[in-house]
Amino acid sequence: MIGKKNNTLYIDGCNAVKLAQEYGTPLYVYSESDIVGKCREIRECFLNKYPNTRAAYASKAFSSLAMYKIIEREGLCLDVVSGGELYTAIKANFPAEKIEFNGNNKLFSEIELAVDYGIGRIIVDGLNELDLIEQVCKRKKKKINILYRITPEVESDSHDYIVTGKKDSKFGIPLDEDVISYHIEKAIQSEYVNFLGFHFHVGSQLHDNTSHLAALETSLKLVEQCKKQYNYTIKELNVGGGFGIRYNDEDHKKPYPYFLEPIMARIEEFSQQIGIERPAVVIEPGRSIVGEAGTTLHTIGSIKNIKGIRKYVSIDGGMTDNIRPALYQAKYEGIMANKMGDSKTEKVTICGKCCESGDILIKDINIAHPEPGDIFAIFSTGAYGYSMASNYNKNNIPAVVLVNKGKDYLIVKRQTYDDMIRNELIPDSLK
Ligand SMILES: Cc1ncc(COP(=O)(O)O)c(C=O)c1O
Ligand SMILES: N[C@@H](CCCC[NH3+])C(=O)O
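Just so we're clear, the structure is a prediction, and the values are computed from it rather than from any experiment.

A. Expanded view of the pattern of salt bridges. Under the criterion given, the structure shown has 29 salt bridges. A salt bridge links arginine 266 to glutamate 217, with the shortest nitrogen-to-oxygen separation between them at 2.5 Å. Residue arginine 266 is located in helix α9 (residues 256-274), and its partner glutamate 217 is located in helix α8 (residues 210-230); the two are separated by 49 residues in the primary sequence. Arginine 422 is the salt-bridge partner of aspartate 419, the closest N and O atoms lying 2.6 Å from each other. Residue classification places aspartate 419 among the partly exposed positions, given a relative accessible area of 29%. Residues participating in the shared-partner salt-bridge network are Glu32, Arg43, Arg73 and Glu74.

B. Structural context of the layout of surface pockets. The space that makes up the largest pocket amounts to roughly 620 Å³. If you go around the largest pocket, you meet 31 residues; those closest to its centre are Lys60, Thr164, Phe171, His201 and Tyr384. Those elements giving two or more residues to the lining of the largest pocket turn out to be α10 (287-290) and α11 (324-328). A breakdown of the residues in the lining of the largest pocket according to their chemical character gives 11 nonpolar, 13 polar and 7 charged. Its boundaries defined by the atoms lining it, the second largest pocket holds a volume of some 360 Å³. In terms of lining, the second largest pocket is formed by 15 residues, of which the most central are Ser158, Gln205, Asp251, Ala330 and Lys331. Class assignment for the residues of the lining of the second largest pocket results in 4 nonpolar, 6 polar and 5 charged.

C. Highlighting the site of ligand 1. Taken together, 15 residues lie around ligand 1, and His201, Ser204, Glu284, Arg287 and Tyr384 are the ones closest in. Contacts to ligand 1 include tyrosine 384, whose side-chain N or O atom sits 2.6 Å from an oxygen atom. A molecule is said to occupy a pocket when more than half its atoms come within 2 Å of that pocket's grid points, and by this definition ligand 1 occupies the largest pocket. Residues of the shell around ligand 1, tallied by class, amount to 3 nonpolar, 7 polar and 5 charged.

D. Quick peek at the UniProt feature "binding site: pyridoxal 5'-phosphate" (unreviewed entry) in the protein. When the UniProt feature table is mapped onto this chain numbering, "binding site: pyridoxal 5'-phosphate" (unreviewed entry) sits at Gly242, Glu284, Pro285, Gly286, Arg287 and Tyr384. As for the annotated residues named above, the ones lining the largest pocket are Gly242, Glu284, Pro285, Gly286, Arg287 and Tyr384. Examined against the element boundaries, proline 285 turns out to sit in the loop between β12 (280-283) and α10. Apart from the residues lying within four places of it in its own chain, the contact partners of proline 285 are Ile42, Ala56, Tyr57, Ala58, Gly241, Phe243 and Tyr256. Counting through the fold element by element, arginine 287 comes out in helix α10. Non-local contacts of arginine 287, meaning those with residues more than four positions away in its chain, are made with Ala61, Ile162, Ser204, Gln205, Ile245, Tyr247, Arg324, Ala383 and Tyr384.

E. Fine view of the site of ligand 2. Around ligand 2, the surrounding shell consists of Lys60, Ile162, Arg287, Arg324, Tyr328, Tyr384 and Met388. Within the side chain of arginine 287, one N or O atom sits 2.6 Å away from an oxygen atom of ligand 2. Arginine 324 places a polar side-chain atom, nitrogen or oxygen, 2.5 Å from an oxygen atom of ligand 2. Protein chains shield 86% of the accessible area of ligand 2, which is 310 Å² for the free molecule. The cavity where ligand 2 resides is the largest pocket. Partitioned by chemical class, the residues of the shell around ligand 2 number 4 nonpolar, no polar and 3 charged.

F. Up close: the packing of aromatic side chains. Throughout the structure, instances matching the rule amount to 12 aromatic pairs. Note on tyrosine 148 and phenylalanine 195: the rings are 5.5 Å apart at their centroids and 55° apart in plane angle, and the pair reads as tilted. Highlighted residues: tyrosine 148 in strand β9 (residues 144-149) and phenylalanine 195 in strand β10 (residues 193-199), separated in sequence by 47 residues. Of the two residues examined, tyrosine 148 and phenylalanine 195, each falls in the buried class. Judged by centre distance (6.4 Å) and plane angle (75°), the rings of tyrosine 161 and tyrosine 328 are edge-to-face. Of this pair, tyrosine 161 sits in the loop between β9 and α7 (177-189) while tyrosine 328 is found in helix α11, placing the two residues 167 residues apart along the sequence. Within the aromatic cluster, the residues linked to one another by ring pairs are Tyr28, Tyr30, Phe62 and Tyr386. Above the face of the phenylalanine 101 ring, lysine 106 is positioned so that its terminal group lies 5.7 Å from the ring centre. For the cation-ring pair, lysine 254 lies above tyrosine 258, with the distance from its terminal atom to the ring centre recorded as 5.1 Å.

What counts and how
Residues numbered from 1 in each chain as written. Chains lettered and ligands numbered in written order. Predicted model: local features only at pLDDT ≥ 70, side-chain atom pairs only at ≥ 80, totals over all residues. Heavy atoms only, no water. Salt bridge = Lys/Arg side-chain N within 4 Å of Asp/Glu carboxyl O. Helix = DSSP H or I, 4+ residues; strand = E, 2+ residues; numbered from the N terminus. Buried < 20%, exposed > 50% of the residue type's maximum accessible area, 1.4 Å probe, protein only. 1 Å grid on protein atoms, 1.4 Å probe; cavity = no way out; pocket = protein on both sides within 12 Å on 5 of 7 lines; lining within 4 Å. Points joined across faces, edges and corners; volume = space filled by probe spheres on them. Nonpolar A, V, L, I, M, F, W, Y, C, P; charged D, E, K, R; others polar. Near = heavy atom within 4 Å. Polar contact = N/O pair within 3.5 Å; in protein donor to acceptor, adjacent residues only side chain to side chain. Sits in = over half its atoms within 2 Å of the grid points. UniProt positions renumbered as here; feature names shortened; annotations may be inferred. Contact = heavy atoms within 4.5 Å. Areas by Shrake-Rupley, 256 points an atom, 1.4 Å probe, with all protein chains shown as cover. Phe/Tyr/Trp six-rings, centres within 6.5 Å; stacked < 30°, edge-to-face > 60°. Lys NZ or Arg CZ within 6 Å of the ring centre and 35° of its normal.

Put into structure tokens, the structure is as follows:
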């Protein structure tokens, strides 16, 4: 919900410069209306359209108590990938049965927490994981629903670091006949788990549905194998997330139905062919729910013009609040929040304050004449920004503000210097 009044940027009805003054910078700003709009889209084109479907927000994209409250209110389920995310969900009173747990190396203690809270599903993604789950469930006299995350052996067109479905990947149960069949049999026979079905996630920031559809075929073959070989009917298929968003003009974003309609049509057709009731279908979008809802505000400080080469405009954050440009060469768009109407006369490079030459947020962008004290806004930073923030150089993690139709709410306080050293100790020998 980006707008402009006079010469100033507005986010979901709130004056961005005033937000920067009130809460300080760097500042993550999330438009609640945008998040709600995405959830509504998912309800309209998926949950309400097809019975027996669920959408679990992949909360690694942005995990916070307030976010989990929005997700619950909007009728979505929640995907967590660590004890920390699960703990946050518990603290937000997120309904246990609506939580699913992903991750390629879940710790014994994390599985215990999941079983104790009674979460809806564990997505098994490790060759020893079923053993761990059985040990925990046996000890606690409980039974839990599981799906297997498979490695679908598909290539996807995204940055190599965020592609997850290829054969050479740490994620998923390999498709080798002896491995996958062994696991399926073990799950079917287990008295501690209720084996529901298969999960895949092919990668993130995708604008093409081919890898989803290819991975789906592999899952369907396994569904058929379960029926023929074990007379076992699969009840659930999870097709992951990965739906791309718009960061800049290079992104040709596709709407949800572009991915979901062919997936649903194929599953319906296949279920009829092999004579089973269509399994429940689950999606796990993360980035597409929060990415475009987030804007980061920074204050411009030092400006260095290297004649004939480049103008560096330094802001008061950097790779510590958005690692994506440094890690994935991700490209963003931004604008001077207090000079919205001014013509973009200068080509500059927006860099951070960390002691790294690679700490560059936007290379070669045209902006209005920059001066120290100006507020620079970077768009579409809502996914994997705050959630990947770090304390490198002992920079403190910024605050997060939720805005909604002209109202603003602080949802994460800015970390203080004391917060950063709270867990540090000086041994007596150094006193
Ligand atoms: C298992 C799993 N599900 C869902 C997601 C969410 O992906 P995205 O944020 O691209 O929608 C991820 C991250 O890529 C993932 O690894
Ligand atoms: N952190 C990645 C996405 C990882 C997705 C998790 N499998 C990004 O910012 O693009």
